[in-house]
Amino acid sequence: MQIVLGLAFILFFSGFCLCAAACTRYDAAALALSTLCGAVVVLYLLGLLNLLQFGRFAIFAILLAGAVYFGVRAGARAIRQAACSPGFLLFVGGACFVWVLFGILQPMFTQWDEFTAWGLAPKMVAERSAFYVADPINLTASFTYPATSLVSYLFQRVPGQFSEWQCLAALDILALACLAPAAALPRKNWAHSVLIFAAGFLLPFFFSVVPAGTRSTVYCNAMADTPLAMLFGGTLCLYFAVGGRKTGFLSCALPLAVLTMTKDIGFAYALIAVFLIGLDQLFGTAHPARRSRGRMFAVALGKAAVLAVPVLAVFLSWNRYTSAVTPTADTAASVGSEGLSYGAVLAGGIRQLLGIGREERFAAILSAMGQAFLHRRVCLLGAPVVAVGCIVLIYLAAGLAAPKGAPRRRVIAGFAGAAFCFSALYAFHLILYFYNFSEAEGLALKDFERYIAPYLQGWMLAGFCVLG
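Residues numbered from 1 in each chain as written. Predicted model: local features only at pLDDT ≥ 70, side-chain atom pairs only at ≥ 80, totals over all residues. Heavy atoms only, no water.

Asker: Could you clarify how one ought to interpret the environment of Ser-14 in this entry?
Answerer: Mapping Ser-14 onto the fold places it in helix H1 (residues 2-24). On the basis of relative accessible area, Ser-14 is assigned to the buried category, the value being 5%. Note: C-alpha distance between Ser-14 and Met-230 (216 residues apart in sequence) is 20 Å. Those residues within four positions of Ser-14 in sequence are excluded, and the remaining contacts are Phe-88, Phe-91 and Val-92. (Helix = DSSP H or I, 4+ residues; strand = E, 2+ residues; numbered from the N terminus. Buried < 20%, exposed > 50% of the residue type's maximum accessible area, 1.4 Å probe, protein only. Contact = heavy atoms within 4.5 Å.)

Below is the structure:
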């Protein structure tokens, strides 16, 4: 019965996307991610008000009312045309397949982090209809951000109960929704859509570093690494799919909000996405010939500022909520055992990078990070330098295929901006290893692959979209 109810919800959700696409003339594949993230944002707002138990009813009501409104305005003919989107059909088919497969096999949590936080949090949210950090027996794990728990809550078919396989399937459906915008191509290019969708689906396996012969848990775990990478890349793909329209960039607001609440580093990823979108608005978008450079910069800056609003709103509201429900020392905005503020850590890290009063331990970690970029395995082909090389080839192919003018500038600006942000993120993790880890953990670069691979994966997914 749970399999049937889940399939009914997927089709109901897809019906809303279809009707909305028929009315707005957007590709239905591009609306899947925005709609799913919109449902998560509704749950988040209700959770802040301690009304999470009404979330499903509110979402069903919104989807039903929206589907009726858009469907009546669009008409049957427009709906049939919207249903021909290759990316949309791939998403719906993939979501139904994943739900049925997991419903039959019923996989369960297998990793330690799932039992301590990433799996325990969705379980508590489903059973108690309250955020994990608000529960009195949450083991004070205030670091757990709510996105994955809310996605799981949305797909739990029996209120008040929790099934591990439904949580895992929900996160995979979110990943498929992130791939759909990349495959949002015209019907005549359906083969390209299938190729891009398949390449994006295989990306997490490419960045898997499990030993040979070991069963992969890429799409069968509740941790936030894969959702973080997929949301980062999927948000950029969504922008590339619809950003050419006058207000199309606004469709990225909801995915950016969910990206922010996916993990603690999600705030940085969301700001990077906002920066890359603003950069594309400035260099990769065609502007009227009469528009001055100053006005072009002001318009691009204004759009980026608009997209930064939901990012900052989620970040600040979650920190305030966490501080209110768990007023302990663990929730303070500090880093490391010394309790330094984020500003102090950043200022100190920059001084260390510039060699001003550099400590011996920082120099050792700096050397280890340099060696890791060349030798530490993060993908099937090897070190981060190899993964970056693959991304260079993808963007090079896109640049050669793109016509001169704004399309080619988009490729160049997108790659240059993402490369700059990767360098900044790499330096940021270097600083964190110095301030936020013990000496042994910092020198060993603990969890290096989990910190670096999501950005590379999202960057490569965006590259596939640009190439497509």
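Asker: Teacher, can you tell me more about a nonpolar patch on the surface here?
Answerer: Together, Leu-374, Leu-380, Leu-381, Val-385 and Val-386 give the surface a local cluster of nonpolar side chains, amounting to about 410 Å² of exposed area. Residue placement: Leu-381 occurs in the loop between helix H16 (360-375) and helix H17 (384-401). Look at Leu-381 and you get exposed, because its relative accessible area is 54%. (Patch = residues over 30% accessible without salt bridge, like charges linked within 9 Å, V, L, I, M, F, W, Y side chains within 5 Å. Areas by Shrake-Rupley, 256 points an atom, 1.4 Å probe, with all protein chains shown as cover. Salt bridge = Lys/Arg side-chain N within 4 Å of Asp/Glu carboxyl O.)

Asker: It is not clear to me how the pattern of salt bridges should be interpreted in this structure. Could you clarify?
Answerer: Side-chain pairing between opposite charges can occur once the charged atoms of the two side chains come close. Enumeration according to the criterion identifies 7 salt bridges in this entry. A salt bridge links Arg-376 to Glu-449; the nearest nitrogen and oxygen atoms lie 2.8 Å apart. With a gap of 73 residues between them, Arg-376 in the loop between H16 and H17 and Glu-449 in helix H20 (residues 448-467) connect regions that are remote in the sequence. Accessibility expressed as a relative area gives 25% for Arg-376, which makes it partly exposed. A cluster of three or more residues bridged by salt bridges with shared partners is formed by Asp-113, Asp-225, Lys-263 and Arg-450.

Asker: Quick question: what am I supposed to make of the side chain of Ser-208 here?
Answerer: Along the chain, Ser-208 turns up in the loop between helix H10 (190-206) and helix H11 (225-242). Ignoring any residue separated from it by four or fewer positions in sequence, one finds Ser-208 in contact with Ser-216, Val-218, Arg-377, Cys-379 and Leu-380.

Keep in mind these values describe shape, not function.
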